[in-house]
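Here are the chains, one letter per residue:
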Amino acid sequence: MMIGGLILVCLSLSLLFFLMVGWRPRGFPPGPTPLPLIGNLLQLDPKTPLKDLHKLAQRYGPVFSLYIGTTPAVVLTGQQALREALVSKAVEFTGRPNNIMMSHMTGGKGVILADVGPSWREHRRFALSTLRNFGLGKRSMEQRILEELTHVCALLEKSAGGSIDPQHLFHHAASNIICSIIFGSRFDYDDVYFQTLISMMEEINKLAIGPWAMLYDIAPVLRVLPLPFRKVFRNYQLLREHVQTVITQHKHTHTHTPAPRDLIDCYLQEIHKRAGDGSSFDDSHMESLLLDLFVAGTDTTSNTLRSACLYLMTHTHIQERCHQEIDSVLGSRECVSFDDRHSMPYVQAVLHESQRVADVVPLSVFHTTTAHTQLHGYSIPKGTMVIPNLSSALSEEGQWKSPREFNPHNFLNEHGEFFKPDAFLPFSAGSRVCLGESLARMELFLILVTLLRRFQLVWPEEEGVPDYELIFGATQSPKPYRMGVRIRNHTGI
Ligand code: HEM
């Protein structure tokens with residue numbers, strides 16, 4: 001009787017466990033045993049989850065599973081698993097998970113968090129062609145970046161002989177470049193309205209992909225309470241109102257000429273062209289797309305630049321070699337062009353190495369499977385959450401000459417020619433590969449070369465020993481530091 005009762009209790013507990021956690025389907029990738037409700041969250045230290053994921057991959061292999069709360073997820077580790085899923089099986093790995101907080105905020109529109117479907121496809125195609133060659137044109141994109149650089153240089157010249165905190169400078173510059181492309185205008189760096197927009201965006205980035213978002217997803221009852229996610233919704237709404245105002249102004253001044261001023265003009269032309277064909281192009285989708293580009297294009301570029309400057313200041317021989325290459329290619333020319341990259345293999349290598357160590361989007365944006373699929377011999381059902389660990393490829397043993405140190409030779413062959421190893425995946429790969437990759441690469445090159453042409457960047461003595469540890473987040477950043485600035489005369493100091 002007692003034994004029967006005990007068996008019943010055990011069976012009920014097991015049932016409860018499976019109901020609350022779920023169980024690994026047959027053939028599913030292996031992984032650590034989850035706890036009810038919280039899954040494997042205790043196995044991931046919120047400050048250093050990448051180290052924990054690395055240990056789990058060593059134990060379970062490049063394709064393993066874990067539970068985020070009650071949701072099963074498959075983690076992809078190393079370039080081979082990442083490429084196999086995201087490139088070779090792109091169709092099956094292109095979905096986005098339904099993050100309830102984000103879809104309540106964006107209505108599932110835009111590009112970044114939109115699931116696969118006609119609206120995502122149409123908007124991705126439109127944004128890519130507009131950013132690359134249609135309407136705004138490559139040349140014009142370059143001009144916008146160079147124009148912003150005149151403001152950056154003016155500010156740095158004022159600080160020459162002293163030091164600055166580059167965080168706001170790079171953040172404002174990256175944000176202004178996006179503003180110029182999508183809204184057709186920029187802001188002064190000390191404009192209070194601009195600063196408010198940027199801090200609202202930073203807050204959204206911080207809160208929307210963290211514990212608060214998770215709580216919002218798993219405990220709907222908490223949504224009515226005045227918790228921090230309320231602030232995310234308010235900020236998103238305020239940013240949206242800003243975008244709506246700019247769109248309204250554009251509608252009053254827009255002419256259907258072949259020379260659009262910015263991405264809004266291109267979008268208005270697209271609405272006009274597609275009127276009545278049942279496409280998803282409308283004001284509300286336009287607002288979401290503009291917000292996506294504004295948010296995605298700021299932190300990523302600015303954090304990469306901060307990492308690059310940190311390493312250049314503390315590796316003076318590498319900075320010196322960049323100065324030499326830049327001076328010899330530009331000669332008496334004052335301005336750099338994006339085409340100059342082909343003549344600057346060392347600078348290109350330094351830039352890519354900076355991106356590798358900056359490791360800006362370590363876990364990409366999560367994907368889901370759009371159909372039942374196989375990977376590395378495992379069976380993965382439709383709708384499974386997928387975490388592409390891009391960080392694992394950027395420091396993967398066997399893929400790099402020096403995976404653990406800052407070394408431009410990771411991107412140079414024995415003849416000193418620039419090349420990109422297969423494990424270089426900071427923009428991810430496949431159908432969801434970063435939509436702003438070509439813009440980001442142009443920005444990084446033009447900004448870094450212009451700065452190095454005009455200035456010597458110096459690690460201030462009072463900063464002590466440099467700390468290269470990154471602050472973990474959906475986008476990682478180096479710890480705050482100050483940057484010493486000296487003016488160069490282009491032929492030496
Ligand atoms: C997506 C990295 C700059 C716009 C992504 C993803 C990564 C990434 C890893 C996720 C890809 C995936 O889901 O597999 C970066 C890095 C950047 C950068 C490292 C700079 C160094 C930019 C810029 C823009 C931008 C400047 C804006 C013009 C986007 C958009 C998506 C995206 C819209 C979503 C694409 C989609 O879901 O179809 N980016 N990004 N990014 N990025 Fe970037």
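Structure shown above.
Since the structure is predicted, the reported quantities are computational estimates derived from the model, not experimental observations.

Draft legend 1. Representation of the packing of helix α5 (residues 118-132) against helix α11 (residues 263-274) in the model. At their nearest, the axes of α5 and α11 sit 11 Å apart, and the two run at 130° to each other. The orientation of α5 with respect to α11, classified from their angle, is oblique. Note that α5 runs across α11; the crossing there is right-handed. Residues Glu 122, His 123, Phe 126, Thr 130 and Leu 131 of α5 form the contact with α11, whose own contacting residues are Leu 263, Cys 266, Tyr 267, Glu 270 and Arg 274.

Draft legend 2. Summary view of the side chain of Ser 379. By the element assignment, Ser 379 lies in strand β6 (residues 378-380). Classification of Ser 379 by relative accessible area gives buried; the value is 15%. A polar atom in the side chain of Ser 379 sits 3.0 Å from the side chain of His 372. The contacts of Ser 379, once residues within four sequence positions are left out, are Arg 26, Gly 27, Phe 28, Pro 29, His 372, Thr 373 and Gln 374.

Draft legend 3. Spotlight on the site of the ligand. Residues in contact with the ligand amount to 29 residues; listed here are only the nearest, Arg 124, His 367, Ser 428, Arg 432 and Cys 434. A distance of 3.0 Å is found between an oxygen atom of the ligand and a side-chain nitrogen or oxygen belonging to Trp 120. Arg 124 is positioned such that a nitrogen or oxygen atom in its side chain is 2.7 Å from an oxygen atom of the ligand. Considered class by class, the residues forming the shell around the ligand number 16 nonpolar, 9 polar and 4 charged.

Draft legend 4. Fine view of the side chain of His 285. Of note, His 285 is situated in helix α12 (residues 283-296). The residues touching His 285, leaving out its near neighbours within four places in the chain, are Lys 109, Ser 119, His 123, Tyr 267 and Ser 280.

Draft legend 5. Examining the coordination of the iron atom of the ligand more closely. Here the protein supplies the iron atom of the ligand with just one donor, Cys 434 (SG), and that contact is 2.3 Å long. Relative to the assigned elements, Cys 434 resides in the loop between α16 (390-394) and α17 (437-454).

Each value, and the rule that gives it
- Per chain, residue numbering runs from 1 following the sequence as it is written.
- The model is predicted, so local features are restricted to residues of pLDDT at least 70 and side-chain atom pairs to those at 80 or more, both for listing and for counting; the totals for chains, interfaces and linings are taken over all residues.
- Derived side-chain values reflect all non-hydrogen atoms in the structure, with water molecules and hydrogen atoms excluded from consideration.
- Comment: axis = line fitted to C-alpha atoms, over the contacting stretch for helices; angle = value between 0 and 180 degrees taken between N-to-C directions.
- Put simply, DSSP marks the helices as runs of H or I at least four residues long and the strands as runs of E at least two long, and each gets a number from the N terminus on.
- Should an angle fall under 35 degrees it is taken as roughly parallel, and over 145 as roughly antiparallel, whereas 65 to 115 is taken as roughly perpendicular and any remaining angle as oblique.
- In this scheme the handedness of a crossing depends on how the near helix is turned from the far one: anticlockwise by less than a right angle means left-handed, clockwise means right-handed.
- Residue contacts are defined here by distance: any two heavy atoms, one from each residue, within 4.5 Å place the two residues in contact.
- Remark: exposure states derive from per-residue accessible area (1.4 Å probe, protein chains only) relative to the maximum for the residue type, with buried under 20%, exposed over 50%, and partly exposed in between.
- As used in this structure description, the phrase polar contact means that two N or O atoms lie within 3.5 Å; if the pair is within protein, one of them must be able to donate a hydrogen and the other to accept it, and residues adjacent in sequence are counted only when both atoms belong to side chains.
- Residue proximity to a molecule or strand is established when one non-hydrogen atom of the residue lies within 4 Å of it.
- Residue type decides the class: Asp, Glu, Lys and Arg count as charged, Ala, Val, Leu, Ile, Met, Phe, Trp, Tyr, Cys and Pro as nonpolar, and the leftover types, Gly among them, as polar.
- Each metal site lists N, O and S donors within 2.8 Å (3.2 Å for Na, K and Ca). With water left out of the atoms, a site can look as if it is missing ligands.

These values are about where atoms sit, not about what they do.
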